[in-house]
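Tertiary structure, described
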Amino acid sequence: MKEKSEPHLSGHVHLEAPGSTDTVYLFPAYSLQYGTGKVNLFTSYNGDFRYFDVEEVSTRTLLAEPEASIRRTIQHVRQKNWSHKFYYGMDYFASDKHALSLYGWMNPFSSENDGEVSSRSPEAGASHMNRREEDSNLATFHSLHYTFAPDRSTGHELSAEAGLHTLHANNRLAFSNAETGVVEAHATEPSQQTYRFKADYVLPLTDRSKLNTGMQVRYQSIEDAAIPDFSYTSALLAAYGTLDHRFSPYDVQAGVRVERYRYGMNADAENALFALFPNAALRHTLPDASTLKLAYRRSVTYPQLYQLNPRRFFEEPYAFRTGNPDISPSFTHDVRLEYSTMFGSSFVSATLFYNRTNDAIHSLTSVTEGRLFETNSYNLGRVHQYGMQFSGNLGIKDRVGIQPHLRLFEVHTSPYAFASERGVAAQRSGAWETGLSAHVGFGRGFSVSGIFNYASPQHRIQQVAFSGALYFVSVGKTIGRGGKMEIVSGLPRSNTFTYRGNEIDAPDFDSRSEGILQLSSMPLIFRLVYRFSRGTERDRIDHDEVSTPQAPGKGF
């Protein structure tokens, strides 16, 4: 007489096609999940294709010369960025108490910029070169997760997860001069392996409170085959606990994470830190169902592969990036006071915030003895931000939806002595970010939607970063049950888009760089989405996800 679970099948298909091969900005995807009996199988795919004509322009002026010496470079390149990410896994529910899950993904990707380079300098005069790049990367992640719930009615649960993340990259860049036959070739071959293990236990204390505890171990190694003597390792050991308690009209959460972190070159790992990361939140539910929440947390940011790797990575003939294996983690304090309320089908919130980052990892550009411009990563100083932000979801008669976002804040940078000695001064400036997404339904399945995002120029410790406004508009039509067709246009009538830019005003040089997409007057994307679901839907077992470090300055 035991009831059998009904088989379940669900998924979606997301297809896209460009209106022109000159501008390609596509994100095809699919997902498929099938469950029967004690087994749940799933697979999915996310694609990413970004092909653009790009103009990279940089003007750098050496001020320490008897006369100002200007170096100007214009790169007309074709950006060819692609990524295939395949996910797969299986959940096995052995009984009501035991569950086992295997999850993984494989991600080959590439980012290349090929084209022509024109440059001018006082020493070499005008020159014209070809730029050719070969880039191949393969990232993988696999995780095994086990859950033991001795009595689900009481809420006790023990879980453990072990995972391995790898990255192998190979980038080769060559600048060649057809007239002189001179070829400048550069290569990097970084690799990274990260081993992780964590265990968590949920302990209910009363019907209103519970304790979440756990521990984590992580070991990471980084190498570059192009630098035989470079080997960087780090080891992390952490324990944490959080207490949740509810007593109407308040919800309280308080916890702490204790970390011991060792890191350094060539397996010596001479550097070590021991740190506490407290967190706390108090939420008060008001009589009108609005909420007021006060929260604090201290967090850490660890340097990633391309910030550590000392191998030169050239962006243009006169400028290159490199990493610094001596940088340390940075620490952030964050305090927020948030008020939120609902009325009808709408929601709005307002937040006051303050955060301070110590040992902030920022880039510093300097001039080498060979009059090249080197950009490296350092713990340059402290960065303070404070301000307010507003967001919401406004619905009008079930046909109109508007989601605005506005962030107004002050940025204050305080460079350490290392940066001050190189002419970097403290900065204080205002900044703002805004965004808006909206959709309107017209009946019979027709709709129009749009999205807009813009951020004002913002001070880093040495440079000012800026970009242009980004916006998309689309017209869609639902088809049957689960289907939808859309025509999307990105940046219509704009023709160009500055996706990245920075300015530096140093004592011995000035610099301005811009990356500009060259677009048709009406870039189009044709999109078809279909979703389906049969049977009783099943929840998947969650796994901790990881992100793959991306090389800087590799296009939009």
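As the structure is a computational prediction, the values presented were derived from the model and not from experiment.

**Focus on the side chain of Ser511**
Inspection of the secondary structure assignment puts Ser511 in strand 29 (residues 509-518). For Ser511, a relative accessible area of 7% puts it in the buried group. In this structure, Ser511 is in contact with Thr59, Arg60, Asn502, Glu503 and Ile504, ignoring residues within four places of it in sequence.

**Some thoughts on the pattern of salt bridges**
Under the counting rule described, the total for this entry stands at 20 salt bridges. With its nearest N and O atoms 2.3 Å apart, the salt bridge here joins Lys554 to Glu133. Of this pair, Lys554 sits in the segment after strand 30 (524-534) while Glu133 sits in strand 7 (residues 125-148), placing them 421 residues apart in sequence. With relative accessibility at 11%, the residue Lys554 sits in the buried group. Look at Glu133 and you get buried, because its relative accessible area is 4%. Glu433 serves as the salt-bridge partner of Arg407, at 3.9 Å between the closest nitrogen and oxygen. Taken as a pair, Arg407 in strand 21 (residues 400-415) and Glu433 in strand 22 (residues 427-443) lie far apart in primary sequence, 26 residues in all. Its relative accessible area of 24% is what places Glu433 among the partly exposed residues.

**Some thoughts on the environment of Val529**
With respect to the secondary-structure elements, Val529 resides in strand 30. In this structure Val529 touches Val13, His14, Gly482, Gly483 and Lys484, once residues within four positions along its chain are discounted.

**A look at the packing of aromatic side chains**
Counting across every chain of the model gives 21 aromatic pairs. Note on Phe52 and Phe556: the rings are 5.9 Å apart at their centroids and 65° apart in plane angle, and the pair reads as edge-to-face. Taken together, the residues Phe52 in strand 4 (residues 39-62) and Phe556 in the segment after strand 30 connect sequence positions 504 residues apart. Exposure remark for Phe556: the relative accessible area of 19% places this residue in the buried category. Between Tyr261 and Tyr302 the ring centres are 4.3 Å apart and the planes differ by 40°, which places this aromatic pair in the tilted class. Placement of the pair is Tyr261 in strand 13 (residues 250-265) and Tyr302 in the loop between strand 15 (291-301) and helix 1 (305-308), with a sequence separation of 41 residues. By relative accessible area, Tyr261 is classed as buried at 2%.

Criteria and thresholds
- Residues numbered from 1 in each chain as written.
- Predicted model: local features only at pLDDT ≥ 70, side-chain atom pairs only at ≥ 80, totals over all residues.
- Heavy atoms only, no water.
- Helix = DSSP H or I, 4+ residues; strand = E, 2+ residues; numbered from the N terminus.
- Buried < 20%, exposed > 50% of the residue type's maximum accessible area, 1.4 Å probe, protein only.
- Contact = heavy atoms within 4.5 Å.
- Salt bridge = Lys/Arg side-chain N within 4 Å of Asp/Glu carboxyl O.
- Phe/Tyr/Trp six-rings, centres within 6.5 Å; stacked < 30°, edge-to-face > 60°.

All quantities given are derived from atomic positions and should not be read as evidence of function.
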